[in-house]
Amino acid sequence: MTGRAQDGLLFLARLLLAAALLPTGVARALNVSGFAVTLAATGLPSPNAVATAAVIVQVFGPVALILGVLPRLSGLALAVFVGVMAVLLHPFWQFSGPSAVAERTLMLADFGLAGGFLIYAMTGPGRWSWQGWRQGARAASSPAKAPAKASATARGGQKPKRAPGRAAARAAA
């Protein structure tokens, strides 16, 4: 797979993972107290504080995911968040019959989403991201190592050649 296609697929995967959390995060941000009531029904202590923290993670985490900012931290934080919320919000062991099956399915879907966030944390966001842009800008701005003086005098005092730019590096890849 070419580098450009891989970067495009990584970007698409980031968008899809973010789409699983961001709309719900925005809705919960608009009604934090209602979400706190839902958490209080599970018996969770300090539901207001937990609801506020969850809304912050659920809104800013997907934004960081889309932009590709701090992939290890944001991927790990989102995986932990989704795993904990799955256990809190989908206690299938408290139900029986079709309700238990539905809650177990939702919990397993959330665990699959957590797995996607862990894969993102391990692989990184690709070049089409804030991190990829920064690495490319850093590589383009860092000066090439100057050759030893002996080799420069062997070439008749010519200036050392510059490292190829980003376009040449992409063409070679």
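None of these values were measured; they are calculated from a predicted model. (Residues numbered from 1 in each chain as written. Predicted model: local features only at pLDDT ≥ 70, side-chain atom pairs only at ≥ 80, totals over all residues. Heavy atoms only, no water.)

### Re the packing of aromatic side chains
Just so we agree on the cut-off: Pairing of aromatic rings covers Phe, Tyr and Trp, the last counted by its six-membered ring, and requires centre-to-centre distances within 6.5 Å; plane angles under 30 degrees mean stacked, over 60 mean edge-to-face, and any other angle means tilted. Burial status follows relative accessibility: with a 1.4 Å probe on protein chains alone, a residue under 20% of its type maximum counts as buried, one over 50% as exposed, and anything between as partly exposed.
Taken as a whole and judged by the stated rule, the model has 1 aromatic pair. Relative to W93, the ring of F92 lies with its centre 5.4 Å away and its plane at 75°, an arrangement referred to as edge-to-face. According to the relative accessible area criterion, F92 is partly exposed, its value standing at 25%.

### A short note on the nonpolar core
Just so we agree on the cut-off: For our purposes a nonpolar core is just a set of buried Ala, Val, Leu, Ile, Met, Phe, Trp, Tyr and Cys residues, chained together by side-chain atoms within 4.5 Å. Secondary structure counts use DSSP, requiring at least four H or I residues in a row for a helix and at least two E residues in a row for a strand, with both numbered from the N terminus. Throughout, a residue-residue contact means that at least one pair of heavy atoms, one from each residue, lies within 4.5 Å.
F35, L65, V82 and F117 are the most contacted members of the largest nonpolar core, which totals 21 residues. Residue assignment for this core shows that the elements contributing at least two residues are α1 (3–30), α2 (32–41), α3 (47–67), α4 (71–89) and α5 (98–123). What F117 contacts, discounting residues up to four positions off in sequence, is L17, L21, L65, G75, L78, A79 and V82.

### Points about the side chain of S129
Definition in use: The term polar contact refers here to a pair of N or O atoms within 3.5 Å; inside protein, the definition further demands a hydrogen-donor-capable atom paired with an acceptor-capable atom, and it admits residues adjacent in sequence only when both atoms are side-chain atoms.
Note that S129 resides in the loop between α5 and α6 (130–141). Classification of S129 as buried rests on a relative accessible area of 9%. At a separation of 2.7 Å, a polar atom in the side chain of S129 contacts the main-chain carbonyl oxygen of G126. Not counting chain neighbours up to four residues away, the residues in contact with S129 comprise R14, L67 and G68.

### A word on the environment of N31
Looking at where N31 falls in the secondary structure, it is placed in the loop between α1 and α2. Spatially, the C-alpha atom of N31 lies 9.7 Å from that of V55, the residues being 24 residues apart in sequence.

### Here we look at the layout of surface pockets
Take a probe with the size of a water molecule and roll it over the atoms, and the empty space left behind shows itself. Selection criterion: Both site types are read off a 1 Å grid over the protein atoms alone. A 1.4 Å probe that fits but cannot get out defines a cavity, while an open set with protein on both sides within 12 Å along at least five of seven lines defines a pocket; lining residues have an atom within 4 Å of a point. Grid points are joined across faces, edges and corners, and a volume is the space filled by probe spheres set on the points. Amino acids outside the nonpolar list (Ala, Val, Leu, Ile, Met, Phe, Trp, Tyr, Cys, Pro) and the charged list (Asp, Glu, Lys, Arg) are all regarded as polar, and Gly is one of them.
Here the second largest pocket is characterised by a volume of approximately 180 Å³. What lines the second largest pocket is a set of 13 residues, among which L21, T24, R28, Q58 and D110 lie closest to the centre. Counting residues per element, the ones that place at least two in the lining of the second largest pocket are α1, α4 and α5. Per element, the largest residue contribution to the lining of the second largest pocket is 5 residues, and it comes from α4. Residue classes in the lining of the second largest pocket are distributed as 8 nonpolar, 3 polar and 2 charged.

### Looking at the pattern of salt bridges
Here is the rule: The term salt bridge refers to a pairing of a side-chain nitrogen on Lys or Arg with a carboxyl oxygen on Asp or Glu at a separation within 4 Å.
If you walk through the whole model with that rule in mind, you get 1 salt bridge. Across the pair R127 and D7 runs a salt bridge, and its minimum N-O distance is 3.1 Å. Taken together, the residues span a long stretch of sequence, with R127 in the loop between α5 and α6 and D7 in helix α1 at a distance of 120 residues.

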